[in-house]
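# Secondary and tertiary structure notes
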Amino acid sequence: GKRHQELRVRDLRFLALSALNGVLFLHTVLLSVGLPLWIATRTTAPPVIIGAILVLNTIMAIFLQVPLSRGSSDLLSAGHRQAWAGCCLAVCCLMMALTTRTGTTLSATLVIAAVVALTLGEIWQGVGAWRISYALAPADQRAYYLAAYELGQTAVSAAGPALITWAVIGNRAAGWASLGAIFVLTGLGVVLITGRLQAVTPAETVTSQG
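First things first, this report covers the structure right here in the doc. (Residues numbered from 1 in each chain as written. Predicted model: local features only at pLDDT ≥ 70, side-chain atom pairs only at ≥ 80, totals over all residues. Heavy atoms only, no water.)

## A few points about the environment of histidine 27
Relative to the elements of secondary structure, histidine 27 occurs in helix α2 (residues 27-42). Sequence separation of histidine 27 and glycine 86 is 59 residues, and the distance between their C-alpha atoms is 9.8 Å. Here histidine 27 is in contact with Leu89, Leu118, Glu122 and Gln125, once residues within four sequence places are set aside. (Helix = DSSP H or I, 4+ residues; strand = E, 2+ residues; numbered from the N terminus. Contact = heavy atoms within 4.5 Å.)

So this is what it looks like as C-alpha coordinates:
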(Lines give C-alpha, C1' and ligand atoms only; values in the text may rest on other atoms or scores of the structure.)
Protein backbone atom coordinates (compact mmCIF):
# COMPACT_ATOMS: atom_id res chain seq x y z
CA GLY A 1 0.00 0.00 0.00
CA LYS A 2 0.88 3.65 0.21
CA ARG A 3 2.56 3.22 3.60
CA HIS A 4 4.76 0.42 2.25
CA GLN A 5 5.73 2.56 -0.72
CA GLU A 6 6.67 5.46 1.57
CA LEU A 7 8.88 3.16 3.64
CA ARG A 8 10.54 1.80 0.52
CA VAL A 9 11.32 5.31 -0.75
CA ARG A 10 12.58 6.27 2.69
CA ASP A 11 14.86 3.23 2.79
CA LEU A 12 16.23 4.02 -0.66
CA ARG A 13 17.05 7.51 0.53
CA PHE A 14 18.69 6.04 3.62
CA LEU A 15 20.90 3.88 1.42
CA ALA A 16 21.71 6.92 -0.73
CA LEU A 17 22.78 8.77 2.40
CA SER A 18 24.96 5.81 3.32
CA ALA A 19 26.68 5.99 -0.07
CA LEU A 20 27.15 9.76 0.15
CA ASN A 21 28.55 9.44 3.66
CA GLY A 22 30.99 6.90 2.27
CA VAL A 23 32.27 9.47 -0.23
CA LEU A 24 32.84 12.00 2.56
CA PHE A 25 34.55 9.28 4.58
CA LEU A 26 37.36 9.42 2.02
CA HIS A 27 39.00 11.90 4.38
CA THR A 28 40.44 8.91 6.25
CA VAL A 29 42.12 7.64 3.10
CA LEU A 30 43.35 11.13 2.22
CA LEU A 31 45.01 11.50 5.61
CA SER A 32 46.57 8.04 5.74
CA VAL A 33 47.45 7.51 2.08
CA GLY A 34 46.72 10.42 -0.25
CA LEU A 35 48.43 13.31 1.49
CA PRO A 36 51.58 11.44 2.60
CA LEU A 37 52.09 9.94 -0.87
CA TRP A 38 51.47 13.28 -2.57
CA ILE A 39 53.79 15.17 -0.22
CA ALA A 40 56.58 12.63 -0.66
CA THR A 41 56.38 12.33 -4.45
CA ARG A 42 54.80 15.49 -5.85
CA THR A 43 55.86 18.42 -3.65
CA THR A 44 59.02 20.07 -2.36
CA ALA A 45 57.69 20.15 1.22
CA PRO A 46 60.08 18.51 3.73
CA PRO A 47 59.21 14.85 4.49
CA VAL A 48 59.07 15.64 8.23
CA ILE A 49 55.81 17.46 7.64
CA ILE A 50 54.07 14.13 7.06
CA GLY A 51 54.44 13.28 10.74
CA ALA A 52 53.59 16.84 11.75
CA ILE A 53 50.25 16.83 9.95
CA LEU A 54 49.22 13.59 11.64
CA VAL A 55 49.94 15.16 15.02
CA LEU A 56 48.05 18.32 14.03
CA ASN A 57 45.06 16.26 12.92
CA THR A 58 44.99 14.35 16.21
CA ILE A 59 45.24 17.48 18.37
CA MET A 60 42.51 19.29 16.44
CA ALA A 61 40.20 16.28 16.58
CA ILE A 62 40.64 15.99 20.36
CA PHE A 63 39.95 19.64 21.14
CA LEU A 64 37.35 20.48 18.49
CA GLN A 65 35.18 17.35 18.49
CA VAL A 66 32.84 18.51 21.26
CA PRO A 67 32.54 22.20 20.30
CA LEU A 68 31.86 21.39 16.64
CA SER A 69 29.30 18.77 17.58
CA ARG A 70 26.98 21.31 19.17
CA GLY A 71 23.92 22.53 17.31
CA SER A 72 23.24 19.37 15.34
CA SER A 73 19.81 18.77 16.82
CA ASP A 74 17.80 17.44 13.90
CA LEU A 75 18.09 15.64 10.59
CA LEU A 76 18.49 18.71 8.40
CA SER A 77 21.14 20.28 10.62
CA ALA A 78 23.02 16.98 10.42
CA GLY A 79 22.78 17.20 6.64
CA HIS A 80 24.24 20.68 6.79
CA ARG A 81 27.16 19.39 8.86
CA GLN A 82 27.94 16.94 6.09
CA ALA A 83 27.66 19.72 3.51
CA TRP A 84 30.17 21.72 5.55
CA ALA A 85 32.37 18.62 5.59
CA GLY A 86 32.17 18.41 1.80
CA CYS A 87 33.22 22.05 1.45
CA CYS A 88 36.12 21.66 3.89
CA LEU A 89 37.37 18.57 2.09
CA ALA A 90 37.11 20.46 -1.20
CA VAL A 91 39.28 23.22 0.28
CA CYS A 92 41.79 20.55 1.31
CA CYS A 93 41.87 19.27 -2.27
CA LEU A 94 42.36 22.79 -3.61
CA MET A 95 45.28 23.41 -1.26
CA MET A 96 46.93 20.16 -2.32
CA ALA A 97 46.42 20.95 -6.01
CA LEU A 98 48.22 24.28 -5.53
CA THR A 99 51.34 22.57 -4.14
CA THR A 100 52.29 21.33 -7.60
CA ARG A 101 53.87 24.69 -8.46
CA THR A 102 55.13 26.06 -5.16
CA GLY A 103 58.43 26.16 -3.33
CA THR A 104 59.32 24.42 -0.09
CA THR A 105 57.96 26.96 2.39
CA LEU A 106 54.74 27.70 0.55
CA SER A 107 54.16 24.00 -0.10
CA ALA A 108 54.50 23.26 3.60
CA THR A 109 52.12 26.09 4.45
CA LEU A 110 49.53 24.85 1.95
CA VAL A 111 49.83 21.30 3.30
CA ILE A 112 49.17 22.51 6.85
CA ALA A 113 46.17 24.55 5.67
CA ALA A 114 44.91 21.48 3.81
CA VAL A 115 45.08 19.33 6.95
CA VAL A 116 43.26 21.96 9.01
CA ALA A 117 40.46 21.94 6.43
CA LEU A 118 40.50 18.13 6.26
CA THR A 119 40.22 17.80 10.03
CA LEU A 120 37.24 20.16 10.17
CA GLY A 121 35.67 18.06 7.42
CA GLU A 122 36.45 14.88 9.33
CA ILE A 123 34.71 16.15 12.46
CA TRP A 124 31.62 17.46 10.67
CA GLN A 125 31.34 14.29 8.60
CA GLY A 126 31.34 12.22 11.76
CA VAL A 127 28.84 14.47 13.54
CA GLY A 128 26.46 14.43 10.59
CA ALA A 129 26.80 10.69 10.05
CA TRP A 130 26.03 9.87 13.67
CA ARG A 131 22.93 12.04 13.77
CA ILE A 132 21.59 10.92 10.39
CA SER A 133 22.07 7.21 11.02
CA TYR A 134 20.40 7.27 14.43
CA ALA A 135 17.61 9.62 13.42
CA LEU A 136 16.51 7.40 10.55
CA ALA A 137 16.97 4.03 12.23
CA PRO A 138 13.71 2.64 13.70
CA ALA A 139 14.23 1.60 17.32
CA ASP A 140 13.21 -2.00 16.63
CA GLN A 141 15.61 -2.30 13.65
CA ARG A 142 18.40 -0.01 14.78
CA ALA A 143 21.24 -2.53 14.54
CA TYR A 144 20.20 -3.47 11.00
CA TYR A 145 19.96 0.14 9.84
CA LEU A 146 23.23 1.20 11.45
CA ALA A 147 25.01 -1.74 9.84
CA ALA A 148 23.55 -0.76 6.47
CA TYR A 149 24.67 2.83 6.97
CA GLU A 150 28.22 1.66 7.64
CA LEU A 151 28.40 -0.03 4.23
CA GLY A 152 29.43 3.20 2.52
CA GLN A 153 32.36 3.67 4.87
CA THR A 154 33.36 0.02 4.55
CA ALA A 155 33.41 0.22 0.77
CA VAL A 156 35.54 3.36 0.84
CA SER A 157 37.99 1.81 3.31
CA ALA A 158 38.49 -1.07 0.88
CA ALA A 159 38.56 0.76 -2.45
CA GLY A 160 39.69 4.22 -1.35
CA PRO A 161 43.48 3.77 -1.37
CA ALA A 162 43.54 2.54 -4.97
CA LEU A 163 41.06 5.22 -6.03
CA ILE A 164 43.07 8.05 -4.48
CA THR A 165 46.37 6.72 -5.81
CA TRP A 166 45.27 6.17 -9.40
CA ALA A 167 42.47 8.63 -10.01
CA VAL A 168 43.65 11.58 -7.92
CA ILE A 169 47.41 11.49 -7.51
CA GLY A 170 47.85 9.99 -10.96
CA ASN A 171 46.08 12.99 -12.49
CA ARG A 172 47.86 15.57 -10.35
CA ALA A 173 46.08 18.95 -9.98
CA ALA A 174 43.17 17.87 -12.20
CA GLY A 175 42.63 14.84 -9.97
CA TRP A 176 42.48 17.00 -6.84
CA ALA A 177 40.14 19.48 -8.50
CA SER A 178 37.79 16.69 -9.59
CA LEU A 179 37.76 15.15 -6.12
CA GLY A 180 37.04 18.55 -4.59
CA ALA A 181 34.04 19.03 -6.88
CA ILE A 182 32.77 15.57 -5.93
CA PHE A 183 32.98 16.45 -2.23
CA VAL A 184 30.94 19.64 -2.72
CA LEU A 185 28.28 17.86 -4.78
CA THR A 186 28.13 15.06 -2.22
CA GLY A 187 27.47 17.51 0.59
CA LEU A 188 24.72 19.18 -1.41
CA GLY A 189 23.19 15.78 -2.12
CA VAL A 190 23.05 15.01 1.60
CA VAL A 191 21.26 18.30 2.30
CA LEU A 192 18.69 17.66 -0.43
CA ILE A 193 17.87 14.17 0.82
CA THR A 194 17.80 15.03 4.52
CA GLY A 195 15.60 18.02 3.75
CA ARG A 196 13.05 15.75 2.11
CA LEU A 197 13.25 13.17 4.88
CA GLN A 198 12.89 15.84 7.56
CA ALA A 199 9.50 16.68 6.12
CA VAL A 200 8.21 13.11 6.37
CA THR A 201 10.05 11.76 9.44
CA PRO A 202 8.27 12.09 12.81
CA ALA A 203 9.87 14.77 14.98
CA GLU A 204 10.19 12.42 17.94
CA THR A 205 12.29 10.05 15.83
CA VAL A 206 14.52 12.77 14.41
CA THR A 207 15.31 14.26 17.80
CA SER A 208 15.28 11.09 19.88
CA GLN A 209 19.06 11.05 20.17
CA GLY A 210 19.32 14.67 21.27
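## Some words on the packing of α2 against helix α4 (residues 75-98)
Close contact between α2 and α4 brings their axes to 12 Å; oriented N to C, the two are set at 5°. The angle between the axes of α2 and α4 places the two elements in the roughly parallel class. Between α2, through His27, Leu35, Trp38 and Ile39, and α4, the contact on the second element is made entirely by Leu89, Cys92 and Met96. Its residues assigned to classes, the contact of α2 with α4 comprises six nonpolar, one polar and no charged. (Axes fitted to C-alpha atoms, helices over the stretch in contact; angles between N-to-C directions. Parallel < 35°, antiparallel > 145°, perpendicular 65-115°, else oblique. Nonpolar A, V, L, I, M, F, W, Y, C, P; charged D, E, K, R; others polar.)

## Digging into a nonpolar patch on the surface
Together, Val55, Ile59, Ile62 and Phe63 line one region of the surface with nonpolar side chains, adding up to about 430 Å² of accessible area. Classification of isoleucine 62 by relative accessible area gives exposed; the value is 57%. (Patch = residues over 30% accessible without salt bridge, like charges linked within 9 Å, V, L, I, M, F, W, Y side chains within 5 Å. Areas by Shrake-Rupley, 256 points an atom, 1.4 Å probe, with all protein chains shown as cover. Salt bridge = Lys/Arg side-chain N within 4 Å of Asp/Glu carboxyl O. Buried < 20%, exposed > 50% of the residue type's maximum accessible area, 1.4 Å probe, protein only.)

## A closer look at the environment of leucine 106
The topology assignment puts leucine 106 in helix α5 (residues 104-136). Along the backbone, leucine 106 and leucine 76 are 30 residues apart, and their C-alpha atoms lie at a distance of 38 Å.

## A short note on the nonpolar core
Looking at soluble globular proteins, one finds that nonpolar side chains tend to be buried together. With 33 residues, the main nonpolar core has Leu35, Ile39, Met96, Trp176 and Leu179 as its most contacted residues. When residues of this core are assigned to their parent elements, the largest contribution, seven residues, is made by α5. The residues touching leucine 35, leaving out its near neighbours within four places in the chain, are Leu30, Ile53, Cys92, Met96, Val115, Leu118 and Trp176. Ranked by size, the runner-up nonpolar core spans 17 residues in total, among them Phe14, Tyr145, Leu146 and Ile193. (Core = buried A, V, L, I, M, F, W, Y, C linked by side-chain atoms within 4.5 Å.)

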